[in-house]
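# Geometric and topological summary
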Amino acid sequence: MPGRIAVAVLVFFGSAGIASADCVEDYRPVAIGDSEVNVRSYICRSRDVHIKVEFHRLSMAAVSLVLSGESPDAIASVIGAPRIQSNDVAETALKLLDSYAATHETAAWAKLSFDVAVPRGGAASLLGADQNTDIKLLETDSRASWGEFYYPAVDEIKELMKGKKPDNLKKKYYYYWRFLEKEDLARYQSNLSEYNALFANEMKVFKFSETRPKSIKLMIEISEGGLPEDFSVIYGWYDENYRLGDEDGCYMGGWMFYYLPRIPIVDFIVVRNLSERELAISGLLGAQTDGGLRSPRPSGEGPVRVVGDFEAKVQPGDSAAVATKITFAPSDELRDYTSSNYLYGPAYDITGVVANGQRIDFSQRSANFTQLSLLDEEGSCPFLLSERSDGQWIDHGKILHTARGSKNEYQEWLQFDGLRTKFRLEEREPEAAYIDEASLRLVLNDGTELTLQPDRDELVSVDGNRLTLLWGEGVEFSYALPGGIRPESVEKSELSVTGHYVRYPPVMISSKLTETGRATNRDAGRALNSGAVCPFDDNSGRASLSAYSNVPRVTQIGNLSITE
């Protein structure tokens, strides 16, 4: 998620001849951590109607909690505790979350990160907010998910390796870029297959999984009606081989390309009843649009009419809220290339409400932006998920945190309340995981302990027969509950996992293509013109690798000459 928050300020004026309510801009102070922001509101009066109206923009992570009724205290302090009205916008947002988000169970390994920004009202952040609840996160919501955004730009890489700049690439500083096209989405898997065929080393240690990331699948779905030219960017640079100075050794270089997805944001309008009598809201006023990705119409454009299906009875002091639109906004990184926003699905440009039979028009609007993400611990390692009795997969975060390299392999125990018999391991970062054992111990209510073996032979015991997970791959394994044991008699489940992981170098294609069209890790090392070459472990065939950051640290193309 971006650390720099851009907030759109929307202003419009009521149509001539329409009597607007007396709406006065108001600010409500809210404490966020050690800071305070002034949430912008509008207090409107018209005869017996007295309401407070607020416009909020929420990240999808926050939306997943708000729509489930599990808002953390930090979010509740900003938007209150309104009764969320179901409508087509909320249903579209839930569909995207159900299809493309992963469910996380916040615990000791992960904390909620909360940010709010208010136009002319300040901004504040709260890192590590305590909240024991499930949260659905898109890949773009995770602060540690950068590795998921690799793009196998095979055609461009082949040309660059020949010393030629492809005509479709533009140069910016030390890297090359172009806007992502719809065809790039369709070709993602075929590009990966070609990438693996050409560049994966012969032992397949650094072969990439050919499974499409969920962020690619999401873009494919929302772009069915067309993909705007500046919706996303593909960019890449050349890293020379150099030593990081850590205990592991060195860092291999070459061409690496990424793509920059957008951040989906959902707008809400919240109406609070400030009067001493029941408030009957019978409709929202404004303009309505529908369809795929499209540019927003100028605010106030189109006939003002009752839009959506919004009816609510709000008691004194209570509030009601309704989702009004989904916007795909550029991330911080993408904002360097474009500032455009695109609507998706049903959208309502709200200009007023009908309350107690009276029409109340807003003279201006400005949205408060609230962002929520999951603050994961840094570092690399595989992720563990378990399936609850309700069939919901829960993300428990990273395991085997310090098991980097075969020499650091160790056993880790994880405990769950009640019965858990189905698990999944996923390798989400540029690394390969090697899992040797995974056993399950059940503790019954009477103190009895049972040890179960998994349904995968590689995980039965610590014997060197390891299950291998490459970047982007996942595997499920389960345990059979012995006959006569009732699920409700299990007090807790304890999973033991033994294994290690090996980080990928940023790219394994520094070498010239061989006659067979393949390149090996050793070829890659020999092709580099300067810097240390990573030593190889002849027993495993794997390079000794060091950690690396998504922040580019190379300021020039080095000895490689590119023909512009």
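Along each chain, the written sequence defines residue order, and numbers are assigned to residues from 1. Local features in this predicted model are restricted to residues of pLDDT 70 or higher, and side-chain atom pairs are both shown and tallied only at a pLDDT of 80 or more, whereas totals for entire chains, interfaces and linings draw on every residue. To obtain the side-chain values, all non-hydrogen atoms of the structure were included, while hydrogens and water were left out.

### A look at the overall build of the protein chain
Secondary structure is summarised from DSSP: a helix means a run of H or I of at least four residues, a strand means a run of E of at least two, and numbering begins at the N terminus for each. Across its full length, the protein chain carries eight helices and 34 strands. In this scheme, a residue with accessible area under 20% of its type's maximum is buried, one over 50% is exposed, and one in between is partly exposed, where area comes from a 1.4 Å probe on protein chains only. When burial is assessed residue by residue, the protein chain has 55% of its 564 residues classed as buried. Here, residues are in contact when the closest pair of their heavy atoms is within 4.5 Å. Sequence separation of 24 or more characterises 76% of the internal contacts of the protein chain that already satisfy a separation of 6 or more. Throughout, the Shrake-Rupley method with a 1.4 Å probe supplies accessible areas, and for residues the shown protein chains are the sole cover considered. Surface summary for the protein chain: the accessible area is close to 23600 Å², and the carbon and sulfur share equals 46%.

### Some remarks on the packing of aromatic side chains
Between two aromatic rings, the relevant description is the distance of the centres plus the angle of the planes. By convention, a stacked pair of Phe, Tyr or Trp rings (six-membered ring in the case of Trp) has centres within 6.5 Å and planes under 30 degrees apart, an edge-to-face pair has planes over 60 apart, and any other such pair is tilted. Going through the model one piece at a time under the given rule, you end up with 19 aromatic pairs. Relative to phenylalanine 55, the ring of tyrosine 42 lies with its centre 6.4 Å away and its plane at 65°, an arrangement referred to as edge-to-face. In this pair, tyrosine 42 is assigned in strand S2 (residues 35-46) and phenylalanine 55 in strand S3 (residues 49-59), connecting sequence segments 13 residues apart. By relative accessible area, which is 4% here, tyrosine 42 ends up buried. Accessibility expressed as a relative area gives 10% for phenylalanine 55, which makes it buried. The interplanar angle of 45° and the centroid separation of 6.3 Å between the aromatic rings of phenylalanine 231 and tyrosine 342 together place this pair among those described as tilted.

### Digging into the pattern of salt bridges
Note that side chains of opposite charge can pair when their charged atoms are close. Counted as salt bridges are all cases of a side-chain nitrogen of Lys or Arg within 4 Å of a carboxyl oxygen of Asp or Glu. Taken as a whole and assessed by the stated rule, the structure comprises 22 salt bridges. Ionic pairing is found between lysine 136 and aspartate 98, a salt bridge with its closest N-O pair at 2.4 Å. With lysine 136 in strand S8 (residues 134-137) and aspartate 98 in helix H3 (residues 88-100), this residue pair connects regions lying 38 residues apart in the sequence. For lysine 136, a relative accessible area of 24% gives the class partly exposed. What makes aspartate 98 exposed here is its relative accessible area of 52%. Between glutamate 494 and arginine 441 there is a salt bridge, and its shortest N-O distance comes to 2.7 Å. Taken together, the residues span a long stretch of sequence, with glutamate 494 in strand S32 (residues 490-503) and arginine 441 in strand S28 (residues 431-444) at a distance of 53 residues. Taken together, the shared-partner salt bridges connect Lys422, Arg424, Glu426 and Glu476 into one network.

### Considerations on the environment of leucine 334
Positionally, leucine 334 belongs in the loop between strand S19 (319-329) and strand S20 (342-344). Classification of leucine 334 as buried rests on a relative accessible area of 0%. When the C-alpha atoms of leucine 334 and isoleucine 234 are compared, they prove to be 10.0 Å apart, with 100 residues separating the residues in sequence.

### Re a negative patch on the surface
To count toward a patch, a residue needs a relative accessible area above 30% and no salt bridge. Like charges then connect within 9 Å, nonpolar side chains (Val, Leu, Ile, Met, Phe, Trp, Tyr) within 5 Å. His is not counted, nor are the chain ends; Lys and Arg add positive charge and Asp and Glu add negative charge. A charge is said to be at NZ when it belongs to Lys, at CZ for Arg, at CG for Asp and at CD for Glu. On the surface, a cluster of negative charge is contributed by Asp88, Glu91, Asp290, Asp309 and Glu311. Among the secondary structure elements, aspartate 88 is positioned in helix H3.

### Some details on helix H6 (residues 188-199)
It helps to recall that an α-helix has 3.6 residues per turn; residues three or four apart then point in one direction. Between its first and last C-alpha atoms H6 spans 16 Å; for twelve residues at 1.5 Å apiece the expected length is 16 Å, and the two agree. Of the residues making up H6, those classed as buried are Tyr188, Asn191, Leu192, Tyr195, Asn196, Leu198 and Phe199. Helix span, as expected, comes to 1.5 Å for every residue beyond the first.

### As for unusual backbone geometry
Its identity as a non-glycine residue notwithstanding, asparagine 356 has a phi of 50°, on the positive side. As for its placement among the helices and strands, asparagine 356 is situated in the loop between strand S21 (347-355) and strand S22 (358-361).

### Observations concerning the pairing of strand S15 (residues 263-273)
Within S15, ten of the eleven residues are buried, which leaves the element mostly enclosed by the surrounding structure. A pair of strands counts as paired when DSSP detects no fewer than two bridges linking them. In this structure, S3 lies alongside S15, joined through nine bridges in antiparallel fashion. Looking at S15, one finds that histidine 56 is bridged to phenylalanine 268.

### What about the state of the cysteines?
In this description, the term disulfide denotes a pair of cysteine sulfurs within 2.5 Å. Applying the stated criterion to the full structure yields one disulfide. One disulfide bridge connects cysteine 23 with cysteine 44, the sulfur atoms lying 2.2 Å from each other. Of note, the bridge from cysteine 23 to cysteine 44 carries an S-S torsion of about 115° and is right-handed in sense. Separated by 21 residues along the polypeptide, cysteine 23 in strand S1 (residues 22-32) and cysteine 44 in strand S2 bring together distant segments of the chain.

### A look at the environment of serine 340
Topologically, serine 340 is positioned in the loop between S19 and S20. Sequence spacing of serine 340 and phenylalanine 328 is twelve residues, and the spatial spacing of their C-alpha atoms is 9.1 Å. With residues up to four places along the chain from it excluded, the contact list for serine 340 reads Asp230, Arg262, Phe328 and Pro330. Here a polar contact is taken to be a pair of N or O atoms separated by no more than 3.5 Å, where protein atoms must pair a possible hydrogen donor with a possible acceptor and residues adjacent in sequence count only if both atoms sit in side chains. One polar contact links serine 340 to aspartate 230, side chain to side chain, over a distance of 2.8 Å.

### Things to note about the confidence of the model for the protein chain
Averaged over all residues, the pLDDT of the protein chain is 76; the fraction at 70 or higher stands at 74%. With pLDDT under 50 throughout, residues 143-147 is counted as low confidence; its partners more than four residues away or in other chains account for 20 contacts. Every residue is assigned a pLDDT by the predictor, reflecting its confidence on a scale from 0 to 100. Predicted confidence for residues 241-253 stays below pLDDT 50, and this span has 51 contacts to residues more than four positions away or in other chains.

### Observations regarding the side chain of threonine 324
Along the chain, the position of threonine 324 falls in strand S19. What makes threonine 324 buried here is its relative accessible area of 6%. When sequence neighbours within four positions are dropped, the list of residues in contact with threonine 324 reads Val89, Asp267, Phe268, Ile269, Pro346, Ala347, Tyr348 and Ile350.

### Quick word on the packing of helix H4 (residues 154-161) against H6
Only the stretch in contact is used when a helix axis is fitted, and all axes are lines through C-alpha atoms; the angle between N-to-C directions ranges over 0 to 180 degrees. H6 packs onto H4 with a crossing angle of 35° between their chain directions and a minimal axis gap of 10 Å. Of H6, the residues touching H4 (which contributes Val154, Ile157, Lys158 and Met161) are Asn191, Glu194, Tyr195, Leu198 and Phe199.

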